Amino acid sequence: MSNSELKVKVWRGTQEGAFVEYLVPRNPNQTVLDVVTFIQRKLDPTLSYRFACRVGMCGSCAMTVNGVARWTCRTHVSQIVEGDSLEIAPLNNLPVIKDLATDMREFFNKWKGAVGFFKGDATRHDDFARVEPESPERQLANAGIECIGCGVCYSSCEVVQSRPNYLGPAALNRAWTLTNDVRDVQQLDRLRAVAGDEGCHACHTQGSCTERCPKKLEPTASIAGLKKLVARAAVRGSKWGKL
Amino acid sequence: MGQVMSQAVMQAKLWYAQRISAMILGLCVSIHLVIIFYAIRGGLTAEEILGRTQGNIAFAIFYEIFVLACFVHAPIGLANILEETFSKRFISKALSSLLAVLIFILGTTAVIGVYTGGAL
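Residues numbered from 1 in each chain as written. Chains lettered and ligands numbered in written order. Predicted model: local features only at pLDDT ≥ 70, side-chain atom pairs only at ≥ 80, totals over all residues.

### Remarks on the overall build of chain A
Here comes step 1: When you go through chain A residue by residue, the secondary structure sums to 10 helices and seven strands.
Here comes step 2: For chain A, the spread of C-alpha atoms along the three principal axes comes to 65 × 40 × 30 Å.
Here comes step 3: Relative to its 243 residues, chain A shows a buried fraction of 42%.
Here comes step 4: Across chain A, contacts joining residues at least 24 apart in sequence account for 66% of those joining residues at least 6 apart. (Helix = DSSP H or I, 4+ residues; strand = E, 2+ residues; numbered from the N terminus. Buried ≥ 20, exposed ≤ 12 C-beta atoms within 10 Å, placed from the backbone. Contact = placed C-beta atoms within 7 Å.)

The structure is reproduced here in structure tokens:
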């Protein structure tokens with residue numbers, strides 16, 4: 001197998017463009033990122049793509065490989081190759097800047113839109129907050145906290161595709177994690193931000209985000225948690241006040 | 001902002017109503033299926049059905065609860081689908097309200113029908 005060649009179709013262009021085929025030598029333990037790097041270094045230096053750590057920590061190398069959004073650095077060619085061909089495209093649901101690099105601004109703006117950031121009221125003069133590791137809130141926060149913002153879930157989400165204003169699984173997962181952070185002081189603002197047409201209740205519970213998440217997180221479960229919390233707050237109020 | 005928020009609150013309330021009515025429906029559909037299997041043993045006749053349902057207040061109450069759960073559940077779902085498909089609040093409101101009225105009137109008429117045996 002190591003002597004054969006891979007036929008790799010790579011998206012070239014911006015929103016408008018076409019797939020261009022390259023022949024790349026097949027190596028054992030080769031990742032999809034290795035393939036893209038080979039093309040750029042040896043075949044066509046004008047190819048644009050994004051990566052940093054190469055070991056699944058940074059979340060910058062996600063692309064659509066054979067139709068499915070994945071981290072290219074942690075995907076071995078042998079896991080997904082169909083015959084001898086690969087198709088590599090930029091992430092779905094995001095504007096393409098050039099070739100395999102997408103514009104992630106909207107994705108991260110939606111995190112902000114979902115109040116997906118921490119704000120406390122303690123200062124350096126206060127004692128450490130004590131959060132019991134076994135407390136229900138800490139456990140719920142733990143479940144979703146490892147998200148590194150790669151955009152795989154967002155790019156796999158059918159609701160984002162049909163409803164571009166929808167906040168999306170990553171932002172809502174972060175919002176849910178923070179609603180379980182007992183130190184955070186913007187809970188009511190967050191509930192308001194994730195309610196409504198563009199928020200958690202737009203989710204169809206189709207579960208593509210959960211299926212595709214490379215960190216095996218469950219944004220679907222996080223969104224379900226938000227749905228319940230927001231609905232309860234709308235009917236009975238919440239411990240932080242009325243919606 | 002106020003209007004957007006009150007709309008979001010409304011949507012959350014509707015989601016809750018749909019969820020609770022779904023729980024009731026789950027129970028009702030299961031009981032309804034068992035009744036169907038029971039009813040079709042040895043053929044199905046109008047006399048047999050009316051014999052069971054006529055004057056039986058428990059039957060009438062059960063099926064009216066079923067109707068009310070559908071009345072709450074189905075129009076909310078239809079409204080969501082229409083809104084996502086056409087993004088026109090007017091269409092989704094009009095059609096889902098129509099569906100709600102139809103389910104309520106037709107369903108309740110049917111319940112009264114089998115309870116009274118068509119006497120009304």
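### Details of the overall build of chain B
Here comes step 1: Within chain B one finds four helices and zero strands.
Here comes step 2: Ordered by position from N to C terminus, the α and β elements of chain B give α-α-α-α.
Here comes step 3: Computed over the C-alpha atoms, the radius of gyration of chain B is 18 Å, more than 25% above the 14 Å expected from 2.2 N^0.38 for a compact globule of 120 residues.
Here comes step 4: With the C-alpha coordinates of chain B rotated into their principal frame, the extents come out at 60 × 25 × 25 Å.
Here comes step 5: Taking all 120 residues of chain B together, 15% fall into the buried category. (Rg over C-alpha atoms; globule rule 2.2 N^0.38 Å.)

### What about the packing of helix 3 (residues 57–86) of chain B against helix 4 (residues 89–116) of chain B?
All names here are of chain B.
Here comes step 1: At a closest axis distance of 8 Å, the pairing of helix 3 and helix 4 adopts a crossing angle of 165°. As far as their axial angle goes, helix 4 and helix 3 are roughly antiparallel. Like other packed secondary-structure pairs, helix 3 and helix 4 cross with a definite hand, here right-handed.
Here comes step 2: The residue makeup of the contact of helix 3 with helix 4, split by class, is 19 nonpolar, five polar and four charged. (Axes fitted to C-alpha atoms, helices over the stretch in contact; angles between N-to-C directions. Parallel < 35°, antiparallel > 145°, perpendicular 65-115°, else oblique. Left-handed = near helix turned anticlockwise from the far one by under 90°. Nonpolar A, V, L, I, M, F, W, Y, C, P; charged D, E, K, R; others polar.)

### Examining the sheet that holds strand 2 (residues 17–25) of chain A
All names here are of chain A.
Here comes step 1: Strand order in the open sheet formed by five strands is 2-1-5-3-4, and the pairing between neighbours is mixed. Of all strands in the sheet, those bounded by a partner on one side alone are strand 2 and strand 4 (68–71). Within the sheet, the average angular offset between the axes of one strand and its neighbour, ignoring direction, is 35°.
Here comes step 2: Sheet topology note: the strand 3 (residues 62–65)/strand 4 ladder contains four bridges and is antiparallel. Residue pairing across strands places Ala62 opposite Trp71, the latter belonging to strand 4. (Pairing = 2+ DSSP bridges.)

### Some words on helix 7 (residues 169–179) of chain A
Residues and elements named next belong to chain A.
Here comes step 1: With respect to burial, helix 7 is a largely interior element, 11 of its 11 residues being buried.
Here comes step 2: Within the sequence span of helix 7, burial applies to Pro169, Ala170, Ala171, Leu172, Asn173, Arg174, Ala175, Trp176, Thr177, Leu178 and Thr179.
Here comes step 3: Contacts made by the buried residues of helix 7 are with helix 3 (105–113), helix 4 (136–144), helix 5 (152–156), helix 8 (187–194), helix 9 (208–212) and helix 10 (219–236).

### Considerations on the environment of Ser238 of chain A
Residue and element names in this part refer to chain A.
Here comes step 1: Along the chain, the position of Ser238 falls in the segment after helix 10.
Here comes step 2: Since 16 C-beta atoms lie within 10 Å of it, Ser238 is described here as partly exposed.
Here comes step 3: Distance from Ser238 to Ala202, taken between C-alpha atoms, is 21 Å for residues 36 residues apart in sequence.
Here comes step 4: In this structure, Ser238 is in contact with Leu191, Leu229, Arg232 and Ala233, ignoring residues within four places of it in sequence.

### Quick notes on helix 3 of chain B
All names here are of chain B.
Here comes step 1: The end-to-end C-alpha distance of helix 3 is 43 Å, a good match for the 44 Å that 30 residues give at a rise of 1.5 Å each.
Here comes step 2: Those residues of helix 3 not exposed but buried are Tyr63, Val67, Ala69, Val72, His73, Pro75, Ile76 and Ala79.
Here comes step 3: The inward-facing, buried residues of helix 3 contact helix 1 (2–39) and helix 4. (Expected span 1.5 Å × (residues − 1).)

### Section: the packing of helix 7 of chain A against helix 10 of chain A
Residue and element names in this part refer to chain A.
Here comes step 1: Between helix 7 and helix 10, whose axes approach to 8 Å, the crossing angle comes to 60°. The angle between the axes of helix 7 and helix 10 places the two elements in the oblique class. When you trace helix 7 past helix 10, the crossing you get is left-handed. Of the residues in helix 10, those touching helix 7 at Pro169, Ala170, Leu172, Asn173, Ala175, Trp176 and Thr179 are Pro219, Ser222, Ile223, Gly225, Leu226 and Leu229.
Here comes step 2: Classifying every residue of the contact of helix 7 with helix 10 by side-chain character gives nine nonpolar, four polar and no charged.

### Concerning the domain arrangement of chain A
Residue and element names in this part refer to chain A.
Here comes step 1: Domains assigned within chain A are domain 1 (5–102) and domain 2 (105–236).
Here comes step 2: Each partner contributes to the interface: domain 1 provides 15 residues, whereas domain 2 provides 15 residues.
Here comes step 3: Counting residues per element, the ones that place at least two in the side of domain 1 that touches domain 2 are strand 3 and strand 4.
Here comes step 4: Sort the elements by how many residues they give to the side of domain 1 that touches domain 2 and strand 4 lands first, with four residues.
Here comes step 5: Split into classes, the residues belonging to the side of domain 1 that touches domain 2 amount to eight nonpolar, five polar and two charged. (Domains from an automatic or database assignment.)

### Focus on the pairing of strand 2 of chain A
Here comes step 1: In this structure, strand 1 (residues 5–13) of chain A lies alongside strand 2 of chain A, joined through nine bridges in antiparallel fashion. Counterpart to Lys9 of chain A in the pairing with strand 2 of chain A is Glu21 of chain A.

### Notes on the interface of chain A and chain B
Here comes step 1: In this complex, chain A contributes 13 residues to the contact, which on the side of chain B involves 11 residues.
Here comes step 2: Considering every element that reaches the side of chain A that touches chain B, the biggest residue donor is helix 10 of chain A, with five residues.

### Some words on the nonpolar core
Residue and element names in this part refer to chain A.
Here comes step 1: With 68 residues, the main nonpolar core has Ile88, Ala114, Leu172, Ala175, Val194, Leu226 and Val230 as its most contacted residues.
Here comes step 2: No other element matches helix 10, which puts seven residues into this core.
Here comes step 3: Structurally, this core is a two-domain feature, drawing no fewer than three residues from each of domain 1 (5–102) and domain 2 (105–236).
Here comes step 4: When near neighbours in sequence (up to four residues on either side) are disregarded, Leu226 contacts Leu172, Ala175, Trp176, Val194 and Cys200. (Core = buried A, V, L, I, M, F, W, Y, C linked by C-beta atoms within 7 Å.)

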